[in-house]
Amino acid sequence: MPESNDIMKRVIRAKSRDMSEASLGIEEKSMKIIESEVGSHGYNTLQWNVVRRVIHATADFDFAKPDKSGIIFSTNAIENAFEAFKKRRFIVVDVDMVLSGINKKSVAKIGTSVICNISNNEVLKISKSENKTKSGLAMRYSSKEIDGGIVAIGNAPTALYEVIKMIREGATMPSLVIGIPVGFVSAAESKFELSKTNVEFITNIGRKGGSAVASSIINALMLMYFNNSNKMN
């Protein structure tokens, strides 16, 4: 009887995620391995759900280590993300790879859209004529959608610097900035600069990051939002 109950629960979980039971089984086994290998950590339950999802996407345990590339949350980062989802605010990303990794069915379920202007014709034109990075210009071009929304940057430090600049200018104020660019030039520095702003943020220490990290954080936040909403109904 207990075994049949477990099977039924797994079927329900898979259906709620729009996944096959086989895929869910692999994911849940992976999560157990992560739990076992990380052991004790300093994150609360909601934060850990995000960090664990990042490790699942990257197989990099440094994202759970505060002395290496550990993920950092501002005080109300997750709560602000939930509020933005509730209000159906836009999700603005820096590059197409972040966009590709975000679960489109979850976005549709929330009733919002993901914006990426890196290939916008106007952005491309200005980038060439003024010798500016496309990623930074794309953020400036998206200032209206950023206001009250969520920004997810996984690739370009210049995009993160531009968002920080716009916040300090009062040009826009996102509910949350996920600033997790990867690289050797300005990645670590831009993250540190983000931590000094008055915006809620999720970031990490050092050079590591990337599109898969940024999209996995968004996916984790959306999944938690749905789970919390179901508990409240």
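Each remark here, short or long, concerns the structure printed above.
Scoring rules and cut-offs
- Residues numbered from 1 in each chain as written.
- Predicted model: local features only at pLDDT ≥ 70, side-chain atom pairs only at ≥ 80, totals over all residues.
- Heavy atoms only, no water.
- Salt bridge = Lys/Arg side-chain N within 4 Å of Asp/Glu carboxyl O.
- Helix = DSSP H or I, 4+ residues; strand = E, 2+ residues; numbered from the N terminus.
- Buried < 20%, exposed > 50% of the residue type's maximum accessible area, 1.4 Å probe, protein only.
- Pairing = 2+ DSSP bridges.
- Contact = heavy atoms within 4.5 Å.
- Axes fitted to C-alpha atoms, helices over the stretch in contact; angles between N-to-C directions.
- Arc of directions from axis to C-beta.
- Right-handed = clockwise from strand over helix to strand, strands pointing away.

### Points about the pattern of salt bridges
Where side chains of opposite charge bring their charged atoms close, a pairing between them can arise. In the structure shown here, the tally under the stated rule is eleven salt bridges. R52 is the partner of E35 in a salt bridge, and the nearest nitrogen-oxygen pair spans 2.8 Å. With E35 in helix 2 (residues 21-38) and R52 in helix 3 (residues 45-58), this pair connects stretches of sequence that are 17 residues apart. Given a relative accessible area of 31%, E35 falls into the partly exposed group. Residues E193 and K196 are paired through a salt bridge, measuring 3.6 Å at the closest nitrogen-oxygen approach. Linked through salt bridges whose partners overlap, the residues forming this network are D60, D62, K65 and K208.

### With respect to the sheet that holds strand 2 (residues 91-93)
What the six strands build is an open sheet, ordered 1-6-5-4-2-3; its pairing is mixed. If you trace the sheet from one side to the other, it starts and ends with strand 1 (71-73) and strand 3 (114-115), each paired once. As judged from the three bridges shared by strand 1 and strand 6 (residues 201-204), these two strands associate in the antiparallel manner. From the neighbouring strand, I71 faces strand 6, where its bridge partner is N204. Against the sheet, helix 4 (residues 77-86) contacts strand 1, strand 2, strand 4 (150-153), strand 5 (176-179) and strand 6, and its axis sits at roughly 120 degrees relative to strand 4.

### Thoughts on helix 4
Spacing of three or four residues puts side chains on the same side of an α-helix, whose turn is 3.6 residues. Taken as a whole, helix 4 has its buried residues at A77, I78, A81, F82, A84 and F85. Looking straight down helix 4, one finds its buried side chains confined to an arc of 160 degrees; they lie on one side. One or two steps after helix 4, the chain reaches R88, where phi turns positive at roughly 60 degrees.

### Concerning the pairing of strand 4
On strand 4, burial covers both faces: I150 and A152 on one face and V151 and I153 on the other are all buried. Across three bridges, strand 2 lies against strand 4 in parallel orientation. What sits directly across from V92, in strand 4, is V151. Sheet topology places strand 4 next to strand 5; four bridges connect them, and they run parallel. For V151, the partnering residue across the bridge sits in strand 5 and is V177. In this region the chain leaves strand 4, passes through helix 10 (residues 157-169) and returns to the parallel neighbour strand 5; the handedness of that crossover is right-handed.

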